[in-house]
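A look at the structure
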Amino acid sequence: MTQYKTDFEWTRQQFDLPEGMIYLNGNSLGPMPRASVPAMTSFLNDEWRTELIKGWNTKDWFMQTNTLGDRIGRLIGAPAGSTVVSDTLSIKVFQAVAAGMAMVPDRKVILSDNGNFPTDLYMVEGLIKLKDAGYELRTPDPEDVMDHITEDVGVVMLTEVDYRTGRRHDMKAIIDKAHALGAVVVWDLAHSAGAVPVDVGGCDVDFAVGCTYKYLNGGPGAPAFIHVAPRLLDTVEPFLSGWYGHEAPFAFDTAFRPMPGKIERMRIGTPSIASFALLSVALDIWDNVDMDELQTRSAELCALFISEIEARCPGLDLVTPREPRKRGSHVSFAFEHGYACMQALIADNVIGDFRAPNVMRFGITPLFVNEADIMGAVDKLEKILKEERWKNAQFQKRSLVT
């Protein structure tokens, strides 16, 4: 077994997971750090209750959008002052794509792929309707994106790691071709940040957005982030122009003037400081993690999971790339009865999830998943398949959330 400087046993101990549960769903919602309860208690008792409105100054609430942004920036290779946290991922997608469209106003094609997370595509569809200026969204297969980057494309908008299959786009190759042809690129890092090493600075990323409730463990509905290349901060148009991004927020001017030359211009409205308290303690764990080591550890665990499933669980077909550098940190298998089988697994205290039409998805998150979890999960899945337990009527009923 590889020797690490990152203490993955220590990181595992930082999470409050239910006894007996094997949690393979941190790619959808990260588990709660043990420090979350005292952090929220401290926020309630020592900040909001005692400071009230003063907290914006005395507790530096006003700039937490930026201080937390820089901490996330370290995980994605972003220079200080180029990442800010606030709002939701959908809002940040809208903001980034709209800004990219404004940079190339004569081009009317937005290129994505048909494996992108649907919300990203919905936001672009909404933008196209809003602008009503002849824009077109193209969505080829993920493997064919490079061939579709042409001189008529204005914005390339992609999720780096496919939410279903775990397939990973070649960020640098796509950016290099897009920039050579005059296009702007927006990356959704929802399944990258905290899952794989990312170098937005070294790859010359224009815009990157992502959420903090998956691998970063900020809690349900935790705020999103947006990164803008420093070379664009003087000119990028925020479009969603709220008071928090104003050059002088407390001047209360009736006309919007974006904060010049700073990432603050991409802030919109008042953020949730309570959510920030939870995100901050989650990032305390990440301060002790080396991303390259994380990827190596992920590759080991994924390889073990894949080999055990393929040896012991007939009928499941791997849809995730085998090569570690070509995938994120989740593994997916196609199975005709995938939904029911996943419900049977969940009933047996192994938590993964299902994505239509037939994909069973398992997050392999090294901060709290180890070899014993992998083997225990496969043991239970093998038994469910042998006994055909997935045929039970209770597992056929579709829940609201899958």
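Within every chain, residues take consecutive numbers counted from 1 along the sequence as written. Totals for whole chains, interfaces and linings use every residue, but because this is a predicted model, local features are given only for residues with pLDDT of at least 70 and side-chain atom pairs only at 80 or more, for both listing and counting. Each side-chain value is derived from all of the structure's non-hydrogen atoms; neither hydrogens nor water enter the calculation.

**Side note on the packing of aromatic side chains**
For Phe, Tyr and Trp, rings pair up if their centres lie within 6.5 Å, where Trp contributes its six-membered ring, and each pair is then called stacked (planes under 30 degrees apart), edge-to-face (over 60) or tilted (otherwise). Counting across every chain of the model gives 17 aromatic pairs. For the ring pair Phe43 and Trp61, a centre distance of 6.1 Å and an interplane angle of 50° mean the geometry is tilted. Here the residue Phe43 occupies a position in helix α2 (residues 36–51), and Trp61 occupies one in the loop between α3 (55–58) and α4 (64–75), the gap between them amounting to 18 residues. Pairwise contacts between aromatic rings join Phe62, Trp243, Tyr244, Phe250 and Phe252 into one cluster. The ring of Phe62 has Arg267 sitting right over it, with the charged end atom 4.9 Å from the ring centre. One residue, Arg398, lies across the ring of Tyr339, its end atom 4.3 Å from the ring centre. Helix and strand assignments follow DSSP, with helices taken as H or I runs no shorter than four residues and strands as E runs no shorter than two, numbered in order from the N terminus. Remark: a charge is flagged as sitting over a ring if the NZ atom of Lys or the CZ atom of Arg is within 6 Å of the ring centre and within 35 degrees of the ring normal.

**Topic: the environment of Asp162**
Considering the arrangement of structural elements, one finds Asp162 in the loop between β5 (153–159) and α7 (171–180). Each C-alpha atom, one on Asp162 and one on Glu310, is 22 Å from the other, the two residues being 148 residues apart in sequence. Here, two residues are considered to be in contact whenever any of their heavy atoms come within 4.5 Å of each other. Setting aside residues no more than four positions away along its own chain, Asp162 makes contact with Gly115, Pro142, Arg167 and His330.

**Examining the pairing of strand β6 (residues 184–188)**
Working definition: with a 1.4 Å probe on protein chains only, accessible area under 20% of the residue-type maximum means buried, over 50% means exposed, and in between means partly exposed. Of all five residues making up β6, five are buried, and the element is well covered by its neighbours. The two faces of β6 match: Val184, Val186 and Asp188 on one face and Val185 and Trp187 on the other face are all buried. Inspection of the sheet shows β6 paired to strand β7 (residues 207–210) by three bridges, in the parallel sense. Along β7, the bridge assignment pairs Val186 with Phe207. A pair of strands is treated as paired once DSSP finds two or more bridges between them.

**Focus: the sheet that holds strand β2 (residues 83–85)**
Strand order across the open sheet formed by seven strands is β2-β8-β7-β6-β5-β3-β4, with mixed pairing between neighbours. Two strands close off the open sheet at either side, each with one partner strand: β2 and β4 (136–138). Within this sheet the neighbouring strands show an average axis-to-axis angle of 20°, counted without direction. The sheet contact formed by strand β3 (residues 109–111) and β5 spans three bridges and is parallel. Within β5, the position partnered with Ile110 by the bridge is Val155. Relative to β2, α4 is tilted by about 120°, and along the sheet it contacts β2 and β8 (225–228). Geometry is summarised by axes, namely lines fitted to C-alpha atoms with helices restricted to the contacting stretch, and by angles between N-to-C directions that run from 0 to 180 degrees.

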